Amino acid sequence: MSDHFQPPMKKEGNHHNPFQHLWEMVGQFFDERPLKNMMETLDEYFQQTFSHAYIPVDFRETKDEFAMIVHLPDDVKRHQLQLQFANDHLQLVIQSNEIIETADEQNHLYQQRRMRQQIVRTIPLPYRVSEKEVKASWQNGKLVIRLPQKRKYIDIE
C-alpha cells in the first residue's frame, strides 16, 4: 500500500455521517494499484474461463437419420476436438494449449504464460447405437454428428 494510508481517527464536528472516514478508507484501499491489478487479473480469468464454456447443440431428426449440430466457438480448430463414445452418450472434449510471451523492444523475454483449457460437453444419445453407426464430420466450423434413425413412427390416419 502507499505511504499516505491513514488509520481511522476520530474527527471533531462530523456528527452527520459517522462512517464518512470509513468509506474514505475503503475507497482508498480499492484505489491502490496492486489491488486493482489483482481485480483486473481476476476479471480477465473469469472472462476467459467462462466465455467458451457453453456449447450449444441443435438436434434434427428425419425419417432416415438423427443429426446433432454442435456450434463451436470461432477460434476452435479441428485438431482441438475429441469425440468419445459411450453406449448412451457422446463426450465432446475441446482442448487448448497456449503459450503467451511478452518481449521488450530488444526481444528480451520478460513474461511467459502457459494456459491450458479444457471444455467438456456430454451429449446424450436418443437411443442405443453401436460405435460404428456414429458418423462425425467437420463442416464450416461446426461438428455434425449423425446417427441412423432407429425410431419407428406410425402414420396416424
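To start, this report covers the structure provided alongside it. Here the residue index of a chain counts from 1 through its sequence in written order. Note on the predicted model: pLDDT of at least 70 is required for a residue's local features to be given, and 80 or more for side-chain atom pairs to be given and counted; whole-chain, interface and lining totals, by contrast, use all residues. Hydrogens and water are ignored here; the side-chain numbers use all heavy atoms of the structure.

**Considering the environment of F59**
Link 1 in the chain: Counting from the N terminus, the helices are the DSSP runs of H or I reaching at least four residues and the strands are the DSSP runs of E reaching at least two. Position of F59 relative to the elements: it lies in strand 1 (residues 57–61).
Link 2 in the chain: Between the alpha carbons of F59 and I69 there is a distance of 6.4 Å; along the sequence they are ten residues apart.
Link 3 in the chain: If near-sequence neighbours (up to four positions away) are discounted, F59 is found in contact with F66, A67, M68 and I123. Residues count as neighbours in contact if any of their non-hydrogen atoms are within 4.5 Å of one another.

**Remarks on the nonpolar core**
Link 1 in the chain: Core analysis: the biggest nonpolar cluster contains 20 residues, and M68, V70, L72, L92, I94, I145 and L147 have the highest contact counts within it.
Link 2 in the chain: Elements with a minimum of two residues in this core: strand 2 (65–71), strand 4 (89–103), strand 5 (109–124) and strand 7 (142–148). By nonpolar core we mean a set of buried residues, namely Ala, Val, Leu, Ile, Met, Phe, Trp, Tyr and Cys, connected to one another through side-chain atoms within 4.5 Å. Only protein chains enter the area calculation, which uses a 1.4 Å probe; residues under 20% of their type maximum are buried, those over 50% are exposed, and those in between are partly exposed.

**Quick notes on the sheet that holds strand 6 (residues 135–139)**
Link 1 in the chain: Read from one edge of the open sheet, four strands run 1-2-7-6, paired in antiparallel fashion. Where the open sheet ends on each side, the last strands, each with one partner, are strand 1 and strand 6. Going from strand to strand, the sheet's axes swing by 20° on average, the running direction of each strand aside. If DSSP finds at least two bridges between two strands, the strands pair. What counts as an axis is a line fitted to C-alpha atoms, over the stretch in contact for a helix, and the angles between N-to-C directions run from 0 to 180 degrees.

**Considering a nonpolar patch on the surface**
Link 1 in the chain: Among the surface-exposed residues, F19, L22, W23 and V26 lie close enough to one another that they form a single nonpolar patch of about 440 Å² accessible area.
Link 2 in the chain: Turning to its location among the elements, V26 is positioned in helix 1 (residues 20–31). Only residues above 30% relative accessible area that lack a salt bridge enter a patch, with like-charged residues linked at up to 9 Å and the nonpolar side chains Val, Leu, Ile, Met, Phe, Trp and Tyr linked at up to 5 Å. Working definition of accessibility: Shrake-Rupley area with a 1.4 Å probe, residue cover restricted to the visible protein chains. The working definition used for a salt bridge is a side-chain nitrogen of Lys or Arg within 4 Å of a carboxyl oxygen of Asp or Glu.

**Focus on the environment of N97**
Link 1 in the chain: Mapped onto the elements, N97 comes out in strand 4.
Link 2 in the chain: Along the backbone, N97 and M115 are 18 residues apart, and their C-alpha atoms lie at a distance of 5.7 Å.
Link 3 in the chain: Excluding residues that lie within four positions of it along the chain, N97 makes contacts with M115 and R116.

**Points about the pairing of strand 2**
Link 1 in the chain: Of all seven residues in strand 2, five are buried; the element is thus mostly enclosed.
Link 2 in the chain: Of the pairings in the sheet, the one linking strand 1 to strand 2 comprises five bridges and is antiparallel in character. Residue E61 lies in a different strand from strand 2, and its bridge partner there is F66.
Link 3 in the chain: Linkage of strand 1 to strand 2, two consecutive antiparallel strands, is achieved through a turn of three residues.

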